[in-house]
Amino acid sequence: MPVPHLSQLGSRSPRVVALVLHGGREFGEGPVPRLALAHLRMVPFARTLARLPDMAVFLLRYRVRGWNAPALDPVQDARWALGEIHSKFPSVPVVLLGHSMGGRVAFRVADDPAVTAVCALAPWCEPADPVQQLAGRSVFIAHGKQDRVTNPRSSRDYARRAAQVTDRVDLRFVDGETHALLRKPRVWRDLVLEFALDQLAHSREG
């Protein structure tokens, strides 16, 4: 039976912890290989965040590839990862960074009491997905305008619904970019850094 894998980078005495969540498929019970593209896509983001002072970063690799409703396997894995983070860094705020299905996972587990913010890149959003768990959280969504895998308009719709429960919603669109985030890597890096630095600044103010 596959098990989730959690890698830790960055500060050993953080002010903020980031949990990085990769994408996947709607259905898939096969294990996620170490060199799976969806997982590798998030490694540069994790390394970028790990270079920030006062931030620890955890990179999760799910047990299986699929969302697999109603089991929601990656949601289970993310909740397990949050438990591991809490045991190592109790009372430290957690921010979530997810791409595609990982964005959907991040939104879903934002109800964890330690989570203060969510950054979703090209997230997979469905009209029935809940938003009430985002109350009191910062929400940052970025989506490529040329994405044909997940729909930029769905991100806009989700952001509008999220704005009903939190006044901290930031929605960005990236011209000429597709789902893979490969055409403009510096733009995506800078967006993620902007999000992370803002959360670190908030933690210092607190």
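Note that the structure is predicted; figures quoted are calculated from it, not measured.

Q: What am I meant to see in empty space enclosed by the protein here?
A: Where empty space is left becomes clear once a probe the size of a water molecule has been rolled over the atoms. Counted by the stated rule, this structure contains 1 cavity of 30 Å³ or more. As a volume, the largest cavity reaches approximately 30 Å³. If you trace the largest cavity, you find it lined by Arg104, Phe107, Arg108, Asp129, Pro130, Gln133 and Tyr158. No other element matches helix α4 (residues 101-108), which puts 3 residues into the lining of the largest cavity. Here the residues of the lining of the largest cavity are counted per class, giving 3 nonpolar, 1 polar and 3 charged.

Q: Got a minute to help me understand the sheet that holds strand β7 (residues 169-174) in this structure?
A: In sheet architecture, strand pairing relies on hydrogen bonds along the backbone and comes in two forms, parallel and antiparallel. Spatial strand order, β1-β3-β2-β4-β5-β6-β7: 7 strands in an open sheet with mixed pairing. The sheet is open, and its two borders are formed by β1 (5-10) and β7, each paired with just one other strand. Within this sheet the neighbouring strands show an average axis-to-axis angle of 15°, counted without direction. Here 5 bridges tie strand β2 (residues 16-21) to strand β4 (residues 94-99), and the two strands are oriented parallel to one another. For Val17, the partnering residue across the bridge sits in β4 and is Val94. The sheet strands contacting helix α5 (residues 152-162) are β6 (138-144) and β7, and the helix crosses β7 at an angle near 170°.

Q: I would appreciate a short explanation of the packing of aromatic side chains in the present structure.
A: The geometry of an aromatic ring pair is captured by the separation of the ring centres together with the interplanar angle, meaning the angle of the planes. Counted by the stated rule, this structure contains 4 aromatic pairs. Ring geometry for Phe58 and Phe89: centres 6.3 Å apart, planes at 70°, overall edge-to-face. Taken together, the positions of Phe58 in strand β3 (residues 55-61) and Phe89 in the loop between α3 (73-88) and β4 put the pair 31 residues apart, joining distant regions of the chain. The buried category is assigned to Phe58, whose relative accessible area is 1%. Among the residues examined, Phe89 registers a relative accessible area of 11% and is labelled buried.

Q: Explanation requested: the packing of α3 against α4 in the structure shown.
A: For any two helices packed against each other, the geometry is given by the interaxial angle and the distance between the axes. It is the contact of α3 with α4, at a shortest axis distance of 9 Å, that shows an interaxial angle of 60°. Considered as vectors, α3 and α4 are oriented oblique to each other. Crossing angle aside, the handedness with which α3 passes α4 is right-handed. Seen from α3, the contacting residues are Pro74, Val75, Ala78 and Arg79; seen from α4, they are Met101, Val105 and Arg108. Partitioned by chemical class, the residues of the contact of α3 with α4 number 5 nonpolar, no polar and 2 charged.

Q: Please clarify how the packing of helix α2 (residues 43-50) against helix α6 (residues 185-205) should be interpreted in this entry.
A: It is the contact of α2 with α6, at a shortest axis distance of 10 Å, that shows an interaxial angle of 45°. One element, α2, and the other, α6, form an angle in the oblique class. Read as a crossing pair, α2 and α6 show a hand that is right-handed. Where α2 abuts α6, its residues Phe45, Thr48 and Leu49 lie against Trp188, Arg189, Val192, Leu193 and Ala196. Across the contact of α2 with α6, the residue classes tally to 6 nonpolar, 1 polar and 1 charged.

Q: What's the story with the pattern of salt bridges in this structure? I'm lost.
A: Between side chains of opposite charge, pairing is possible as soon as their charged atoms come close. Scanning the entire structure with this criterion turns up 11 salt bridges. With a closest N to O distance of 3.1 Å, Arg189 and Asp190 form a salt bridge. Using a relative accessible area of 34% as the deciding quantity, one classes Arg189 as partly exposed. Overall, Asp190 belongs to the partly exposed group, its relative accessible area being 40%.

Quick notes on the rules
- Residues numbered from 1 in each chain as written.
- Predicted model: local features only at pLDDT ≥ 70, side-chain atom pairs only at ≥ 80, totals over all residues.
- Heavy atoms only, no water.
- 1 Å grid on protein atoms, 1.4 Å probe; cavity = no way out; pocket = protein on both sides within 12 Å on 5 of 7 lines; lining within 4 Å.
- Points joined across faces, edges and corners; volume = space filled by probe spheres on them.
- Helix = DSSP H or I, 4+ residues; strand = E, 2+ residues; numbered from the N terminus.
- Nonpolar A, V, L, I, M, F, W, Y, C, P; charged D, E, K, R; others polar.
- Pairing = 2+ DSSP bridges.
- Axes fitted to C-alpha atoms, helices over the stretch in contact; angles between N-to-C directions.
- Contact = heavy atoms within 4.5 Å.
- Phe/Tyr/Trp six-rings, centres within 6.5 Å; stacked < 30°, edge-to-face > 60°.
- Buried < 20%, exposed > 50% of the residue type's maximum accessible area, 1.4 Å probe, protein only.
- Parallel < 35°, antiparallel > 145°, perpendicular 65-115°, else oblique.
- Left-handed = near helix turned anticlockwise from the far one by under 90°.
- Salt bridge = Lys/Arg side-chain N within 4 Å of Asp/Glu carboxyl O.

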